[in-house]
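# Structural overview
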Amino acid sequence: MDIELGPEDLAFREDVRSFFAENAHKAGEDYNVWRLDWFKKARDKGGWDVPKWSAEFGGPGWTPTQHYIWEQETAQATLPWDMPFGIGMIAPIIMAHGNEEQQERFLPDIRGRKVNWCQGYSEPGAGSDLAALKTKAVLSDDGTYYTVNGTKIWTTMAQIADWIFCLTRTDDSGIKQEGITFLLFPMKQEGIEVKPIITLGGAHSVNMVHFTDVKVPVENRIGAEGKGWTYAKGLLQHERTGLAGISRSIVALENLKKQASTVKRGNGSLMDEPTFRAKVAELEIDLMASEFTELRSLASASAGSAPGPESSILKLKGTEIQQRIAKLTVEAGGIYSAAWGKPVGHKFAKGGMGGYLASRAFTIYGGASEVQKDVIAKNVLGLKRSSK
Ligand SMILES: Cc1cc2nc3c(=O)[nH]c(=O)nc-3n(C[C@H](O)[C@H](O)[C@H](O)COP(=O)(O)OP(=O)(O)OC[C@H]3O[C@@H](n4cnc5c(N)ncnc54)[C@H](O)[C@@H]3O)c2cc1C
């Protein structure tokens, strides 16, 4: 495994660093104006506004090492707010499985950050066992539109979404992975009801979404009827690697160490306390091991291999690490972490408890930890299911 950065990669890193420094948000600057301007400038750099898109669709066509550098640098810089569902999720599916008309129709607005998308996969009876989904789509007799009925749950940001990419059932006569059809439709239309779900930390980001006789033109179907599972599956592996957030955790842990050094304990600080130091050290070791797993998968991607089951290892360990950092942040902030609203005590403690509570979901979405362990047992360790 060769993970040394060569002169070209070092030059690329400098270029990325300068771009972030030159285009950072300035105090008093209108956020929305800056945000759209940032994306425009990133586009002019040669597709930096859509780093993961292939060169064929206007992306930068980076090597895996350049992607890794980008991830590391973005963890330290302040980037404009961006929803993952358009650029990172539905766009790759449209590129891979949509027809030319769909690519021309949807990709420019996704790239221009003009449309907000949400992901309609999970249902009350279909989460880990996603293929059990029941939301029904029935094709009209003349074959021009589907009528969709059913319920989706945990739909993130459905309350502001303009469009949804949705898994529906068009046939339940065969095995459950067959007969699933991938549809795109606008959220602001008759027959769609979005009900908020307030999570532990008091935030409204997820929703229950009901569909009653929603009409979807057949030209909004991605690929062939009944083949939606194949398209949806590819996305999940991609989503898992992104959720690991290793580079972000490295920065977060460094920040936590600095913050803990400001908390007084006797003649020193919390960072001098052996028990706290031990927890930080354990986290650092696990983080380093996960970083090496990420680098291993990078090295095999550079050698042309397809992403393997290491995406499950990364999702599992990466999200656990994020939760441990959130927990240790609350510990460092002490009683001040519990304050809601106006900050009291240590400045960094503000939002500590909110962050910790929100982090409970990290090991659930994008495939729960138990499911990742199943994948690792089967595909990495080669274990067989018990016959009992
Ligand atoms: C904050 C948040 C945001 C989300 N956003 C979206 C979104 O935008 N769009 C969307 O479609 N979905 C979204 N989800 C849904 C998410 O993908 C599901 O919650 C997840 O797949 C788990 O499904 P479930 O909630 O039905 O739990 P279940 O599948 O019912 O699991 C319950 C428990 O059983 C365990 N379990 C299940 N199967 C097995 C097994 N085979 N072996 C061992 N243990 C098992 C699980 O690990 C879990 O602990 C979101 C979830 C959350 C919490």
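Residues numbered from 1 in each chain as written. Predicted model: local features only at pLDDT ≥ 70, side-chain atom pairs only at ≥ 80, totals over all residues.

## Remarks on the packing of helix H3 (residues 64-76) against helix H7 (residues 246-260)
Interhelical geometry of H3 versus H7 gives an angle of 35° and a closest axis separation of 8 Å. Taken as a pair, H3 and H7 cross one another with a handedness that is right-handed. Only Ser247, Arg248, Ile250 and Val251 of H7 make contact with H3, whose side of the interface consists of Glu71, Gln72, Ala75 and Gln76. In terms of residue class, the contact of H3 with H7 is made up of three nonpolar, three polar and two charged. (Axes fitted to C-alpha atoms, helices over the stretch in contact; angles between N-to-C directions. Helix = DSSP H or I, 4+ residues; strand = E, 2+ residues; numbered from the N terminus. Left-handed = near helix turned anticlockwise from the far one by under 90°. Contact = placed C-beta atoms within 7 Å. Nonpolar A, V, L, I, M, F, W, Y, C, P; charged D, E, K, R; others polar.)

## Remarks on the packing of helix H9 (residues 310-333) against helix H10 (residues 352-359)
Relative orientation of the contacting elements H9 and H10 amounts to 155°, with a least axis distance of 9 Å. Here H9 lies roughly antiparallel to H10, going by the angle between them. As H9 runs across H10, the sense of the crossing is left-handed. Between H9 and H10, the residues in contact are Gln322, Gln323, Ala326, Lys327, Thr329, Val330 and Gly333 and Gly352, Met353, Gly355, Tyr356 and Ser359, respectively. Here the contact of H9 with H10 is built from residues that sort into four nonpolar, seven polar and one charged. (Parallel < 35°, antiparallel > 145°, perpendicular 65-115°, else oblique.)

## Focus: the pairing of strand E2 (residues 136-139)
Of the pairings in the sheet, the one linking E2 to strand E3 (residues 145-153) comprises four bridges and is antiparallel in character. Bridging from a neighbouring strand, Ala137 pairs with Val148 of E3. In this structure, the hairpin formed by E2 and E3 is closed by a connection of five residues, where Gly143 is found at a positive phi of approximately 70°. (Pairing = 2+ DSSP bridges.)

## Some words on H3
End to end, H3 covers 19 Å across 13 residues, agreeing with the expected 18 Å (1.5 Å per residue, within 8%). Every buried residue belonging to H3 is among Thr65, Tyr68 and Ile69, and all of these are buried. Each buried residue of H3 lies within a common arc of 100° when the element is viewed along its axis, so the set occupies one face. (Expected span 1.5 Å × (residues − 1). Buried ≥ 20, exposed ≤ 12 C-beta atoms within 10 Å, placed from the backbone. Arc of directions from axis to C-beta.)

## Some thoughts on helix H2 (residues 31-44)
Counted at 1.5 Å a residue, the expected span for H2 with its 14 residues is 20 Å, and the 20 Å between its end C-alpha atoms agrees. Once H2 finishes, Gly46 follows within two positions and takes phi at roughly 110°, a positive value.

## With respect to the site of the ligand
Taken together, 18 residues lie near the ligand, and Tyr121, Gly127, Ser128, Ala368 and Glu370 sit nearest. Listing elements by their share of the shell around the ligand, those giving two or more residues are strand E1 (117-120) and helix H11 (369-380). With three residues, H11 is the single largest residue contributor to the shell around the ligand. In terms of residue class, the shell around the ligand is made up of eight nonpolar, eight polar and two charged. The two domains that each donate at least three residues to the shell around the ligand are domain 2 (92-103 + 113-226) and domain 3 (245-380). (Near = placed C-beta within 6 Å. Domains from an automatic or database assignment.)

## Observations concerning the pairing of E1
Covered by surrounding structure in E1 are Trp117 and Gln119 together with Cys118 and Gly120, the residues of both alternating faces. Direction of pairing for E1 relative to strand E4 (residues 163-169): parallel, over a ladder of four bridges. Bridge assignment links Cys118 to a residue of E4, and that residue is Ile164.

## Focus on the environment of Phe57
Along the polypeptide, Phe57 turns up in the loop between H2 and H3. Using a count of 16 C-beta atoms within 10 Å as the deciding quantity, one classes Phe57 as partly exposed. Separated by 10 residues in the primary sequence, Phe57 and Gly47 place their C-alpha atoms 9.2 Å from one another. For Phe57, the contacting residues outside a window of four places in its chain are Met95 and Leu107.

## Describing unusual backbone geometry
Positive phi, close to 55°, is recorded for Arg113, a residue that is not glycine. With respect to the helices and strands, the residue Arg113 is situated in the loop between helix H5 (100-111) and E1. Residues other than glycine seldom take positive phi values, yet Met157 does so here, at roughly 60°. If you trace the backbone, Met157 turns up in the loop between E3 and E4. By the C-beta count within 10 Å, which is 17 here, Met157 ends up partly exposed.

## Regarding the nonpolar core
Formed by 39 residues in total, the largest nonpolar core has its most connected members in Ile90, Trp117, Ile164, Leu183 and Phe185. Secondary structure elements with two or more residues in this core: helix H4 (84-97), H5, E1, E3, E4, strand E5 (180-186), strand E7 (204-217) and helix H6 (228-244). Tallying contributions element by element places H4 first for this core, with seven residues. With sequence-adjacent residues up to four places away left out, Trp117 is seen in contact with Phe85, Gly86, Ile90, Ala161, Trp163, Ile164 and Phe165. (Core = buried A, V, L, I, M, F, W, Y, C linked by C-beta atoms within 7 Å.)

## Side note on the domain arrangement of the protein chain
Structurally, the protein chain comprises domain 1 (7-82), domain 2 (92-103 + 113-226) and domain 3 (245-380). Of note, the centres of domain 2 and domain 3, computed from C-alpha atoms alone, are 32 Å apart. Taken together, the contact pairs four residues of domain 2 with six residues of domain 3. Partitioned by chemical class, the residues of the side of domain 2 that touches domain 3 number two nonpolar, two polar and no charged.

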